[in-house]
2 protein chains.
Amino acid sequence: MDLHVVDQFAKATIIEAGKRIRDAFSYDIQVETKADANDLVTNIDRETELFFIDKIKAFNPEHKILGEEGMGEQIESLEGPVWIIDPIDGTMNFIKQHRHFMITIGFFVDGVGKLGYIFDVMNEDMFCAIEGEGAWYNDSPLRKLQPLPLEEAIIGINASWVSPNRRVNHEKMIELVRTVRGTRSYGSAAMEIAFVASGKLDAYISMRLSPWDIGGGTIIAQEVGAIATNLKGQPCNLLTQDTFIIANPSIHQQILEHYIEEK
Amino acid sequence: MDLHVVDQFAKATIIEAGKRIRDAFSYDIQVETKADANDLVTNIDRETELFFIDKIKAFNPEHKILGEEGMGEQIESLEGPVWIIDPIDGTMNFIKQHRHFMITIGFFVDGVGKLGYIFDVMNEDMFCAIEGEGAWYNDSPLRKLQPLPLEEAIIGINASWVSPNRRVNHEKMIELVRTVRGTRSYGSAAMEIAFVASGKLDAYISMRLSPWDIGGGTIIAQEVGAIATNLKGQPCNLLTQDTFIIANPSIHQQILEHYIEEK
């Protein structure tokens, strides 16, 4: 398989999907509620996933597809070529802000990340990577992340994980918030992962993410030296929901050791 | 005084200042440390404030100027025409992200807000208002904010205010975080105020802001019906640091009454 051919196909398809989404803003957005009120899904979300599925099936009908909206296959393993797709990451931002939402896609072969994409639809900003060849922000290569002390780090973390919760000792998270230089929260995991990969944030932590939130981002991460694991420090499992941290390599272990205490 | 003439002057000057800042990114940014490590200031920050002071003095030497970098006058009252200027709100974003920082300016006459501006320098997005005439996002008028239940609100609040602190009962803040639909934190007060004024956020709360952080924003707020006060519900004092909340009018009082308990 020539990865560059797949890469060109993926980029062109993402850019076309982005244009369709921007065009769709001129129409009314019909919103429906999933199980959780925090987890809205729109017609555009579903249509975009179907658009990707059609394009991929036409590109190569043997490629498997795992998508957030569940319109791809039920996938039990990452054997063979697998696309992991989130057509709109940051659905609340999409609905309410009309910005700060991402298309994010990872392409894996036998479980190994080959191509990763995070596309800021409204800004038309593309973060992408090819395994072993590097990562880019639009036409500029992304630099390897430079070490920094934790005290100078800006980390992405939502306020809800700093208050009592079922997943981690929040007292330790409070210590972390007090130790670092600042915190941010953007409401899109893919956006925060792209920001870590490009040095705009130094870490991003979440207690519950799905494979499609992180699939594309983990591939970009490895090309710049960012470390992405679950909160036990284990490799990300791309078949199930899990905790997640991506960080500058100089602070990843320090955060896990001193500030994360899972329940 | 013809406010439209002042408005045209202000807009042109802000746009020119923005261009100077974007151009300056091609040079090295020299960073120095203020008292607080969280509060970095750059040469560009100072130069931009001086640029505004020169322009305003040439426009009308009798106008007073209150600026973050302290290069304007020491101002004891808001009598007469007063400009309140933050040349770069979101300094950490400026340094680290090269985005998400704002020029924000308020023009007051005898303490009454007349003209307000929040300019997203990298996106070249202008939020502005003229007292009694309305507010705009670039060329589009901003709508009056529509009521919504607190449970559907997205609020801007930094994780540090949800952990034990000297200013408010953090247990109440935790309840607030659990009640609303979601939280965000962007690292620029002006950006979060602009987002509330344009319905992208429904409230923004901070325990410590300065007049230049909020001067321009409060004028935009009043034109869309957003309510901006300190956490006691009193009008914002533009001569000193204070607590701050700006919110959709349907949830402002509810947040203050049920979730804010100052120490």
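As the structure is a computational prediction, the values presented were derived from the model and not from experiment. (Residues numbered from 1 in each chain as written. Chains lettered and ligands numbered in written order. Predicted model: local features only at pLDDT ≥ 70, side-chain atom pairs only at ≥ 80, totals over all residues. Heavy atoms only, no water.)

## What about the nonpolar core?
Now for step 1: Among the nonpolar cores identified, the biggest contains 76 residues, and A:F244 and A:I246 are the most heavily contacted of them.
Now for step 2: One finds B:I65, B:W83, B:I88 and B:I130 within the second-largest nonpolar core, a separate group that totals 31 residues. (Core = buried A, V, L, I, M, F, W, Y, C linked by side-chain atoms within 4.5 Å. Buried < 20%, exposed > 50% of the residue type's maximum accessible area, 1.4 Å probe, protein only.)

## What to know about the side chain of B:N230
All names here are of chain B.
Now for step 1: Here N230 lies in the loop between β13 (227-229) and β14 (242-247).
Now for step 2: For N230, a relative accessible area of 4% gives the class buried.
Now for step 3: Here the side chain of N230 touches Q234 through a polar contact of 2.8 Å, side chain to side chain.
Now for step 4: Among the polar contacts made by the side chain of N230, one reaches the side chain of D242 at a distance of 3.1 Å.
Now for step 5: If sequence neighbours within four positions are ignored, N230 has contacts with P235, C236, D242, T243, F244, I245 and L256. (Helix = DSSP H or I, 4+ residues; strand = E, 2+ residues; numbered from the N terminus. Polar contact = N/O pair within 3.5 Å; in protein donor to acceptor, adjacent residues only side chain to side chain. Contact = heavy atoms within 4.5 Å.)

## Some words on the sheet that holds strand β3 (residues 64-67) of chain A
For sheets, the rule is that strands pair by backbone hydrogen bonds, running either parallel or antiparallel.
Residue and element names in this part refer to chain A.
Now for step 1: Strand order in the open sheet formed by 7 strands is β3-β4-β5-β6-β7-β8-β9, and the pairing between neighbours is mixed. Each edge of the open sheet carries a strand with a single partner, namely β3 and β9 (140-141).
Now for step 2: As judged from the 8 bridges shared by strand β5 (residues 102-109) and strand β6 (residues 112-120), these two strands associate in the antiparallel manner. Note that in β6 the partner of G106 across the bridge is G116.
Now for step 3: Together, β4 (81-89), β5, β6 and β7 (125-130) form the strand contacts of helix α1 (residues 3-24), whose direction differs from that of β6 by roughly 25°.
Now for step 4: Packed onto the sheet, helix α2 (residues 43-59) meets β3, β4 and β5 and runs at close to 155° relative to β4. (Pairing = 2+ DSSP bridges. Axes fitted to C-alpha atoms, helices over the stretch in contact; angles between N-to-C directions.)

## With respect to the packing of aromatic side chains
Now for step 1: Going through the model one piece at a time under the given rule, you end up with 17 aromatic pairs over all chains.
Now for step 2: On the basis of an interplanar angle of 45° and a centroid distance of 5.8 Å, the ring pair of A:Y186 and B:Y186 is categorised as tilted. On the criterion of chain membership, the pair formed by A:Y186 in the loop between β11 (182-184) and α5 (189-197) and B:Y186 in the loop between β11 (182-184) and α5 (189-197) is interchain, its members lying in two chains.
Now for step 3: Residue classification places B:Y186 among the buried residues on the basis of a relative accessible area of 0%.
Now for step 4: Centre to centre, the rings of B:F51 and B:F52 are 5.9 Å apart; their planes meet at 70°, and the pair counts as edge-to-face. (Phe/Tyr/Trp six-rings, centres within 6.5 Å; stacked < 30°, edge-to-face > 60°.)

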